[in-house]
Structure formats: structure tokens, C-alpha cells
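# Architecture at a glance
Here is how the chains run, residue by residue.
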Amino acid sequence: MPQSDTTTPDATNAHAVSVMLPTPVVGPYDYLVPDDLDIADGDYVQIPLGKREMVGVVWGPAMGDVDAVKLRPIAHRIDAPPMPEEIRRFVDWVAAYTLSTSGAVLRMAMRSPDALMPPKPVVVLQRGEIIETLRMTPARERVLAFLQDGPALPAGDLARETGVSTGVIKGLVEAGALEKLEVPPPPPFAAPDLARPGPKLSDAQSTAAQTLREKILANAFSVTLVDGVTGSGKTEVYFEAVATALTEGRQVLVLLPEIALTPQWLRRFEERFGVPPAVWHSDLSQVQRRVTWRAVATGNARIVVGARSALFLPFGELGLIIIDEEHEPAFKQEDGVSYHGRDMAIVRAQIAEAPVVLASATPSLETRVNVIRDRFQSLPLPERFGGAVMPTITTVDMRVADLSANRFVSDELVKALTETIAAGEQAMLFLNRRGYAPLTLCRTCGHRIECPSCAAWLTEHRFRKRLQCHHCGYEVPSPSVCPSCENVDTLVACGPGVERIQEEMVGLLPEARIGIMTSDTMRGPESAQKFIRSVEDGDLDILIGTQMVAKGHHFPNLTLVGIVDADLGLAGGDLRAAERTYQILQQVSGRAGRAERPGRVLIQTFQPEHPVMAALVSGNEARFFELETEARQSGGWPPFGRLAAIIVSSRDARVADDLSRALARCAPNTPEIRVLGPAPAPLSLLRGQHRRRLLLKASRDIAVQPVLRAWLAQIKVPSNARVRVDVDPYSFL
Ligand code: ADP
Ligand code: ZN
């Protein structure tokens, strides 16, 4: 049967739009807009895709690459606040910069598809008609009297408020004396109390806070670094900026490296603003995710504190982004779309025309260079708050400490621990390695126990009696027989992890109360919070931990920090190894002596003359960064040059080799662009994938994205291989 003219889409005047889908496929795709639909850019729409239906976002005018007669119509518009233009621009920007598809980035911005549906209404009860024949009891009377001028409430709340059983309420409903009514649920987040006074700021703090306030009132993009030593009160200072932005009616985003691990931060926020902030991180439940996402979109959530993924929340009134611990590598996302949270936050703020505040005690070299170039303003806080002094730092030369094979803590450090505990103070031992030992070796045949799917040793976790791969999570029970020569009891643990340090301490200081803090022992925010409380309450003398203990904590009675192996991060060819080691050691050192009692730090190292150790001991950080900066500049490394890594992977080693060589053969090669490699990645086997790396190095004035695109377009990637691009790589594994 021929269709009538009014229903057949007409190629010339049919109205079509492009719709972006939250999938990695290249988009957007054009769809027809049915006459009865009112559609604007940013609207969430349900569209047919193959045999399925999917939710996408109206991205703009039709691309026009497909004949309008072939287009399918949008099924319907979803009743949700549209995606703000700022976010759509941000999605496109991040996609272009990271060489991802906009769909892959959009997926990060639509992490909670359920949130698009209006939340379920709540059923409340109000007074119904007056029923003459109603048998009255004192309980029934109380309920009806309450509702005479009280608010309509859900049945449970009403029962509680009036002190009656739910049976009474039910009886009234059945009799018709109470009536059900559906109302929207209450907004999930209470407004921060802006009238609460903050603490009285020191002179240095209030100067910094005043500058931040001015930046916010200027309503323009800017980047300001709060460069304050550990304990200088950076948090208190940027809380003032938060208060100003909230007072101005703007939304605020605070990015933290690992939000779930900082219950102290949340408590401080609540003390300052009277309510908890909205939080966003990977451990949220589906329900929390839905509620929070929607509250950001509707504007109910005024302040969000989150991990890097919070950048993709649908803020419509963003007026300030704070990036605490801006130097943290945890801001770099490696899987999926690889992006750097700090750098993309700056882009997001630029789009929103909003200020950014970076906070750090050990700013990254990139940020320092931006300060030197006058792109960022720096606000120094050179002293600890309240007269606390910086700890004294000394090295322990492990070449002369001459420890037996099963000892890792020097006599000098043990002595310091004993003194600290005797004085009623607390100590922290830092070793950035989880588990008991990083390697299990057979004394007889020399066999090293490796992960079957990674080029890595298995780490022994003695508490759990298991060997685990820290790259893929593979686990086996600790064997008692060598898997290679089958001898019994010949396997020995080599090297220390935190569990082994704990064992050593228990042996040497049996009276001491010792606790361990790593991501293995702290499952989730509650256990971390409990542990932190126990340190604060003085239930522990020695706290042993990985980098988890290095971050943000404030333990007033902690006066000694011992670094078990300061050289650990210096090995390997990582561009930022020295900088990273300096930062983490400085950060851990900063846990010592944060209140009245002065702190000291002992650094165990086999290379006390290394520039990192020398800088820590002398406190001459400026000189250290000057030298690092010079080295980066003369080598043309970031931020003086640009890098992009290409990682080729395949289950088949030959395929990985062939593909990476093919890429090398057609690599761009100009005076400004060089390609290094291919070389087997340091982790040449990961999760069963053989990996090869190439590194593109270009001068600063080159935009690497078009170069990369043109290069990669020449190669056909076989279906059993993958090519991943990492622009501005931070990991070289
Ligand atoms: P940072 O982030 O620079 O390491 P914090 O913001 O954690 O420093 O401050 C260190 C400690 O000093 C915290 O306990 C904080 O509450 C306290 N503090 C900082 N500034 C003030 C102030 N103006 N008034 C009262 N306490 C302050
Ligand atoms: Zn593995």
C-alpha cells in the first residue's frame, strides 16, 4: 500500500538532527525529528539502532552524510534536563585531544543512564474526607490531628511522628480517612550552610584566600596554584574559595586523587559547611550514582567532591574547580580514554569560564613551569599553620647499615622508633609495596614464581597465604613445593613488602602496637575511617603503610617517619622517576610533626648522594626542580616537548611484532617529530597480551593529534591486535 505524502520523509524539507551515542563507535548519526516532537540540542532522546533502542544526545544539525529518506526517526525525547552545551563541547574537546571517539567520552558523561528517568515519586498520606461513622480511638485521633496542620508524610514517618503503629495508619487508609498522594522525592542534598564562619585565618592564609575570592568574583577563567608546605592549611584556604563560589550561586567541583580514602577530608568539609558534600567515585552504588548524577544535572547538588571521573558530571552552573594534590599521578586515567584529570579539568574550566585552584605541597614540574611562564599564578604558603615546624630529615646509609638478609629496618631507625614510643608519640613506616615479599624464589633450582599471563613476579601475601599478581589480580595459594623442581620447603621470600616490615617490627618491638594500612587491608571507606580513628585516638604506636598513608592525613601525635626503601621508585627509565620519588617522600615526610611536637624523618637509602635525597635533606627544593627542569628542557621532554605513546598488543607475539614494525616503517620523521621504538614494553606481557611500545616525541609547537591520526590511518589493525594511543603518557610500562 502506498504511503501518503504526509508520512513519507521528504528528502528536501525533512527535519533531521545529529545524535551522539554513548558508545565508542564513530558518530554522531543523523535521525529524523518527527513533526510532533520539539527537539533542541543537548536533549536526551531515545533512538532506534539496529534492532535495539538506545539513549543518545542531540548533538547539533544533521551531518547530511546519509540520504534523508534512509533516516529513521527519533522515538521520543526523554524528560530530563538537557546536557549543557559546555559539556558537549568538553566531550568533543577531550575526544579530539585524546584521539578517542566523542561517543567513548560521552559514555563517561552518561555513567548513570537511569538518572535520566524522573525519580520515583514517594507516596505520602494526607487527610481524606471526613467520615462520620469512623470509630475514633486516641491513636486515630492523634494521627488526624497531626495532619490537620502538619505536613503530609509517608506512612512510616507518619506512624513514627505520631507514635502509633502502622496498623493504625493502614486502618485509617482503608476507612478512607487518609488519602494517598504521590509527590516528588525530596532533594537528596542539603544546601551548604554559608553563614557558618570559617576558622580565623593566619595572615598568609587570608592573603591567599582573598586572592582566590577575587578570582571567583572576576567570573573568568584563571589558574591559581596554592603552593603550601604540608600542614600550611591549604584546605582551609580553598574552603574560603568554595564558600565564595557557592555564595555566588555557582556549583563547585573538588577533585581529589582517591576520594574514598579521605574520610578526614569529608569530616572537615562537614565541619566547615554543616552538611556533607555530594561525592563521586568508582565505589558508589548504582542508586548513589543515579541520585548524584541527577542532582548535579538539576542543580540540587551545589558541591561535588570526586575522583577524576567527576569531571564528566553534567554541571550546568560550574563556577570553580579545585584540584587538590594536583601533582598526583592518580589523576591520569590509563584505561579506556586516557586523559589527565588535572589537564582536562583546566580545559573544562576554560569552557565554563571559571577559575581553577590547584593545591599541592609538591607541585608537578609541569605546573611549576606554567607558573614561571605566567600562565598560572602562584600563592605560596611557606609555613605550617600554628607555628608547627617542618620536620628534620636525615638519611640512613644502607651501605654501611650492613643488615642481615632478613632485616630491612636499620638499627638507627629501630632506635628512633623506640625513643618515639617511649615518649608517648607515634611513628609511621613507609614502604610502597603491598604484601609480604615481591618475589618467591626456589633455593634449589632458582625458579622464580611468575604470573602465567604477565611478565611479572607474583607477590606473596602471607596473611592470606596466597601469591598474587599485582598487574592482573591472578592468585594462587602459596605453594609449599617448588612448581619447577618439586622440592619441598625450598621456596624463600625475597625482599620486603609492608607485611614483612610488620613482622620484623613485631619481632624487634614486641610491646609496640602496630597497624598496617594498604589497599589490601582497607576494604572501602569505612575500614579506612576506622583505622584512621584508631591512629587519632592513640590506639597505635607504629603505623606501617604504602602510599595510602602518605596522603592528606593529619595525625598530631605522629612525630617520626621512617622511609624503609627510598630508592624503590628511582629504578627504571621513567621520565618522572626522580620527581615522583621526591614528591612522595616529601609527602610522607610531611606527616611528621604536624602539631606542637616537632617531627623527624629517617630515609633509608643506598644512594644518599642522589639529588632526590640531597634535596630532601637540605630542603633546597627549588634547586632540585631547577635541575630537573633543565634536564627536561635540554632533552626536549615535557613540558618542553610533546609525547604520545603507541601501545600495540596482541595475544600473538608475532602479530604484535609485525604490527609494531609496520607502524615504525610508516612513522612520521621530520626534524620536529621523532618516533622511538618499537620496543617490548617493560611489562611485555600483561593479561596474556604481548605488548610493544612506540613513543612519538615532538617539539612543543607541533599539535601531535593530526600527526598521529595521519600516521595511524596508514595501518590496518588486524582483528586480533589492538593499538592504543596515550597522549601525554605518564606510565611507560
Ligand atoms: P595542608 O592541606 O596544607 O597540609 P591542612 O589544611 O590540612 O594543611 O591544615 C593542617 C592543620 O591545621 C589542620 O588540622 C587544619 O585544620 C589546621 N588549620 C589550618 N589552618 C587553620 C586555621 N586558620 N585555623 C585553625 N586551624 C587551622
Ligand atoms: Zn598477571
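Structure: above.
Described in the following lines is the structure provided in the data block. In this text, all values refer to a predicted model and were calculated from it rather than measured experimentally.

Burial in helix α14 (residues 498–508) covers these residues: Val498, Glu499, Arg500, Ile501, Gln502, Glu504 and Met505. Its buried side turned inward, α14 meets α13 (411–422), β16 (426–430), β18 (459–461), β21 (491–494), β22 (514–517) and β23 (542–545).

Once that is clear, we can look at the packing of aromatic side chains. Taken as a whole and assessed by the stated rule, the structure comprises 13 aromatic pairs. Between Phe239 and Trp265, the ring centres sit 5.6 Å apart and the planes meet at 75°, which makes this aromatic pair edge-to-face. Within this pair, whereas Phe239 is found in helix α7 (residues 234–247), its partner Trp265 is found in helix α8 (residues 263–273), the two being separated by 26 residues in sequence. The same class applies to Phe239 as to Trp265, namely buried. The ring of Trp280 is capped by Arg289, whose NZ or CZ atom sits 5.3 Å from the centre of that ring. The positively charged end of Arg348 is found above the aromatic ring belonging to Phe90, 6.0 Å away from the centroid.

The environment of ligand 1 is formed by 16 residues, the closest being Lys200, Gln205, Gly231, Lys234 and Arg268. Between ligand 1 and Glu236 there is a distance of 3.1 Å, counted from an oxygen atom to a side-chain nitrogen or oxygen. In the model, an oxygen atom of ligand 1 is placed 3.4 Å from a nitrogen or oxygen of the Arg594 side chain. In the complex, the protein chains occlude 79% of the 560 Å² of accessible area that ligand 1 would expose alone. It is α7 that contributes the most residues to the shell around ligand 1, three residues altogether.

Turning next to empty space enclosed by the protein. Within the structure shown, the criterion is met by four cavities of 30 Å³ or more. In the lining of the largest cavity, the residues fall into ten nonpolar, one polar and one charged. If you add up the space inside the second largest cavity, you get close to 50 Å³. A per-class count over the lining of the second largest cavity returns two nonpolar, four polar and three charged.

Cut-offs used in this document
- Residues numbered from 1 in each chain as written.
- Chains lettered and ligands numbered in written order.
- Predicted model: local features only at pLDDT ≥ 70, side-chain atom pairs only at ≥ 80, totals over all residues.
- Heavy atoms only, no water.
- Buried < 20%, exposed > 50% of the residue type's maximum accessible area, 1.4 Å probe, protein only.
- Helix = DSSP H or I, 4+ residues; strand = E, 2+ residues; numbered from the N terminus.
- Contact = heavy atoms within 4.5 Å.
- Phe/Tyr/Trp six-rings, centres within 6.5 Å; stacked < 30°, edge-to-face > 60°.
- Lys NZ or Arg CZ within 6 Å of the ring centre and 35° of its normal.
- Near = heavy atom within 4 Å.
- Polar contact = N/O pair within 3.5 Å; in protein donor to acceptor, adjacent residues only side chain to side chain.
- Areas by Shrake-Rupley, 256 points an atom, 1.4 Å probe, with all protein chains shown as cover.
- 1 Å grid on protein atoms, 1.4 Å probe; cavity = no way out; pocket = protein on both sides within 12 Å on 5 of 7 lines; lining within 4 Å.
- Points joined across faces, edges and corners; volume = space filled by probe spheres on them.
- Nonpolar A, V, L, I, M, F, W, Y, C, P; charged D, E, K, R; others polar.

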